[in-house]
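A structural walkthrough
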Amino acid sequence: AAAEAAAAAAAAAPQSRPELVRRLFEVCDRDGDQRLNCREFRRFADAIGFEGEDQQWEVEYAALFDGRSERPEAGISFQIFSELVDDMSESGCYCTDEELSTLYAKFSR
């Protein structure tokens, strides 16, 4: 039974990077509004290594919108999320495919 469950989980797991990014965004978007608010994105940030306090997080979250037309109050759109997880710079949140897959598995439990 455990082997069947593992096989089913593997079959249900996203395969391509774009699909992984989309599915991870969807499991992070707990209220289903197609935007990641400060609290929803904090869960992701903590999982990839953010260790600051709430006040530091609010500053970091707002900084993600620097140079963008969207504002923090609106939340992070899928487009911004996908750009962030592909961004290897200091201002990005780059994740390998394996990291995306691990996060997806963790958050979708």
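Everything quoted here is computed from the prediction, not taken from an experiment. (Residues numbered from 1 in each chain as written. Predicted model: local features only at pLDDT ≥ 70, side-chain atom pairs only at ≥ 80, totals over all residues. Heavy atoms only, no water.)

**Let's talk about the pattern of salt bridges**
- On inspection of all chains with the given rule, the structure shows 7 salt bridges.
- The residue Asp46 makes a salt bridge to Arg42 at a minimum N-O spacing of 2.9 Å. Of this pair, Asp46 and Arg42 both sit in helix H3 (residues 38-47), separated by 4 residues, roughly a single helical turn.
- On the basis of relative accessibility, which here comes to 16%, the residue Arg42 falls in the buried class.
- One salt bridge in this structure joins Glu83 and Arg68, with 2.6 Å as the shortest N-O distance. Of this pair, Glu83 sits in helix H5 (residues 78-86) while Arg68 sits in the loop between helix H4 (54-63) and H5, and the two are 15 residues apart along the sequence.
- On the basis of relative accessible area, Glu83 is assigned to the partly exposed category, the value being 33%.
- Judged by relative accessible area, which is 24%, Arg68 ranks as partly exposed.
- Each member of the salt-bridge network shares a partner with another, and the members are Arg17, Asp86 and Asp97. (Salt bridge = Lys/Arg side-chain N within 4 Å of Asp/Glu carboxyl O. Helix = DSSP H or I, 4+ residues; strand = E, 2+ residues; numbered from the N terminus. Buried < 20%, exposed > 50% of the residue type's maximum accessible area, 1.4 Å probe, protein only.)

**Comments concerning the confidence of the model for the chain**
- Averaged over every residue, the pLDDT of the chain is 89; residues scoring 70 or more account for 88%.
- Per-element confidence in the chain is highest for H5, whose mean pLDDT is 97, and lowest for helix H1 (residues 2-12), whose mean pLDDT is 52. (pLDDT = per-residue confidence, 0-100.)

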